[in-house]
Amino acid sequence: MPERTATIASRSGLHARPAALFAEAAGEQPVEVTIAKVGEPEDDAVDAASILSLMTLGAERGDVVVLRAEGDGADAALDALVTLLETDLDAV
Amino acid sequence: MQNLPGVGVSPGRIIGTIRHMPHPVSEPPAGERLAADTSPETAAAALKAAAGVVHNNLKERAAMASGDGKAVLEATALMAKDAMLLKSAVKLINAGTSAERAIWEAGASVSEMLHNLGGYMAERAADILDVRARIVAELRGVPAPGIPTSDTPFILVAEDLAPADTATLDPAKVLALVTSGGGPQSHTAIIARSLGLPAMVAARGVEQIPDGAEVYVDGAAGLVVLDPGAEQQEAAQAWADNAAALSAFDGNGTTADGHLVPLLANVGGAKDATAAAALGAQGVGLFRTEFCFLERDTEPSVEEQSAAYKAVFDAFPGKKVVLRTLDAGADKPLPFLTDATEPNPALGVRGYRTDWTTPGVLERQLFAVAQAAAASEADVWVMAPMISTAAEAARFASLCQAAGIQTPGVMVEVPSAALTAGSVLRNVNFASLGTNDLTQYAMAADRQLGPLAELNTPWQPAVLRLVQLSVVGSIEASAETGTVKPVGVCGEAAADPALAVVLVGLGVSTLSMTARSLAAVAAVLKTVTLADAQELARLALSAPGAEEARAWVRAKLPVLDELGL
């Protein structure tokens, strides 16, 4: 299954506005994308399009996360989402 | 034309159309099952459709909002159609639970999860409960909870308003507030005065007026008139013309004969303080420090507190700022200080008393205050809430001294403190009368209860007598110690221009109020001499009841009617 790692760049971590922007973008992808903190078992990965799941993940700035997706367009979707995570969304 | 009386709590005469606040969404009964003719698939589809509508409504509101409010609404909109929330609700529906109950329970468990994470997440826990209520309202086909949205400004009618409603109350859209419940000290009254909106409470029958009806509201007299005529049109126009004069205060509180009465502001944070300074406040008579602590699971650090206090002090360089130490308990519970299971919280461990059960928090707060005071140019005075005895006052003074605070004082809210003011004031430098709680305790009447509104007014001669006794006690203590011990008022009473005159006549030396009321109080005060005020105080004290006291004093102050106050 295609996967990517990304380092959270937003100052406030992956909650508040950055989480909303990221969840919305994940929901617009043609494939289902999951997110987990690096090192955590794949079974604990949560739906990247769910803002509530993202908030309970509690990823702070500098944390490394793993994104996973399968199917047509998975690679392009993951690349787009990694770019978003590695942007300081609080500054946008 | 039909009149509906109530209790006026914030002046203003205005004509507008009525919008009713929907009733809060009631909890779907525990164990509520799917109707016999509804399949889980149909129920799940209905839930998703309702969630979609709520999502779109919140998104539309977000598009119109700006700043922090916009970000919160955007996130809340996403919660409405969140996969995690809907999946756990659908799971319950598949097990036979009704859609309403399913989303209610799913929302509760997500909210609890967020709450337990603390910090920013905990603040969002309430948003998920709001989303849940909106989805249930949509499923039931009833209006969404909260303040109605409208393109044109309206008069908001509700049973009562909660502190949380202030956050969503847009003063540009709401012309006036009218509630069927609540008393003169209820949150509705406090919110209205701080926003400068005309308001009346305890208006029984107002809920029967149809949505969209045109009415006239007089927030000083406490009157709603249905189908207003020429007389009301004129009164509303005159109020609008006067409004400009009543919003400018020159920063010089005085009677006609030059007896100075500094007019101070009640503030809850740096934003309030800056606004109050701009409105001419001569200082701060009540700085509530709860904002630093509320909605927190743990105590803020000394550094964090000190920075927050300094931000308020800095708005008043060279002027007096009276800070009240943490007043937790009763209507302001704090998980790390107060016991939510107390049977009678208003008579429980609250205010200064929390220092007995959780020692240390007060000392650290005093330390933070001293640090902030040393770094600012404000003249910082510090007082403890809910002091009942002279021994408590003396102990508070020694805690202040240990922290390096020069001017310790006490709030007089408990009748025992007023009755023994002479000895209470011996060991501290000043007293400030908190008339809201003083009235509640003197009359044994809960501030929030509409049916007790008549008891719950500071015009009660018993309350005025307690004010008088506090002043007499301060004169004794001043003579005994050779230091002047001023008595101020920082309750809602000070914002009522007629009562403000009476308080000055009783010997109160400063008045502190919501900054919006400064100009109106100053305008009335400068029409009377100190001797007039003393005469009006004697008149009020001699009245058999609150209604007579108010009516007698108002009759001697025709300026009130001229200004619509």
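Since this is a predicted model, take the numbers as computed values, not measurements.

## Here's the deal with the interface of chain A and chain B
Then, number 1: Taken together, the 13 residues of chain A in the interface contact 19 residues of chain B.
Then, number 2: Regarding the contact of chain A and chain B, the summed buried area is about 1,300 Å², with carbon and sulfur atoms giving 75% of it.
Then, number 3: When the area that chain A buries against chain B is broken down by residue, the three leading residues are A:Leu52, A:Met55 and A:Thr56, summing to 43%.
Then, number 4: Among the ionic pairs, A:Glu24 bridges to B:Lys59, the shortest N-O distance being 3.1 Å.
Then, number 5: Here chain A and chain B share four residue pairs in polar contact (both at pLDDT 80 or more) between them.

## Considering the nonpolar core
Then, number 1: Counting 106 residues, the largest nonpolar core has B:Leu263, B:Tyr309, B:Phe313 and B:Leu511 as its most contacted members.
Then, number 2: Per-element tally for this core: the top contributor is helix α19 (residues 518–525) of chain B, with eight residues.
Then, number 3: The contacts of B:Phe313, once residues within four sequence positions are left out, are B:Phe287, B:Val321, B:Leu323, B:Val369, B:Ala372, B:Ala373, B:Ser376, B:Ala378 and B:Val380.
Then, number 4: Formed by 62 residues, the second largest nonpolar core is a distinct cluster that contains A:Ala69, B:Ala51, B:Leu86 and B:Ala125.

## What to know about the domain arrangement of chain B
Then, number 1: Under the domain assignment used here, chain B contains domain 1 (2–21 + 147–231), domain 2 (40–140) and domain 3 (247–563).
Then, number 2: The distance between the C-alpha centroids of domain 2 of chain B and domain 3 of chain B comes to 42 Å.

## A closer look at the sheet that holds strand β4 (residues 154–158) of chain B
All names here are of chain B.
Then, number 1: Strand order in the open sheet formed by eight strands is β1-β8-β7-β3-β4-β5-β6-β2, with mixed pairing between adjacent strands. With one partner strand each, in any of the chains shown, β1 (2–5) and β2 (7–10) form the two edges of the open sheet. The average undirected angle you get between the axes of adjacent strands in this sheet is 35°.
Then, number 2: With five bridges connecting them, strand β3 (residues 13–20) and strand β7 (residues 214–218) associate as antiparallel partners. When the bridges of β7 are listed, arginine 13 appears paired with aspartate 218.
Then, number 3: On the sheet, helix α7 (residues 187–195) packs against β2, β5 (174–179) and β6 (199–201) and is oriented at approximately 40° with respect to β2.

## So, the side chain of B:Thr510
Residue and element names in this part refer to chain B.
Then, number 1: Looking at where threonine 510 falls in the secondary structure, it is placed in strand β16 (residues 510–513).
Then, number 2: By relative accessible area, which is 12% here, threonine 510 ends up buried.
Then, number 3: For threonine 510, the contacting residues outside a window of four places in its chain are Val261, Pro262, Leu264, Lys320, Val487, Gly488 and Val489.

Cut-offs and rules
Residues numbered from 1 in each chain as written. Chains lettered and ligands numbered in written order. Predicted model: local features only at pLDDT ≥ 70, side-chain atom pairs only at ≥ 80, totals over all residues. Heavy atoms only, no water. Contact = heavy atoms within 4.5 Å. Buried area = accessible area lost by both parts, 1.4 Å probe. Salt bridge = Lys/Arg side-chain N within 4 Å of Asp/Glu carboxyl O. Polar contact = N/O pair within 3.5 Å; in protein donor to acceptor, adjacent residues only side chain to side chain. Core = buried A, V, L, I, M, F, W, Y, C linked by side-chain atoms within 4.5 Å. Buried < 20%, exposed > 50% of the residue type's maximum accessible area, 1.4 Å probe, protein only. Helix = DSSP H or I, 4+ residues; strand = E, 2+ residues; numbered from the N terminus. Domains from an automatic or database assignment. Pairing = 2+ DSSP bridges. Axes fitted to C-alpha atoms, helices over the stretch in contact; angles between N-to-C directions.

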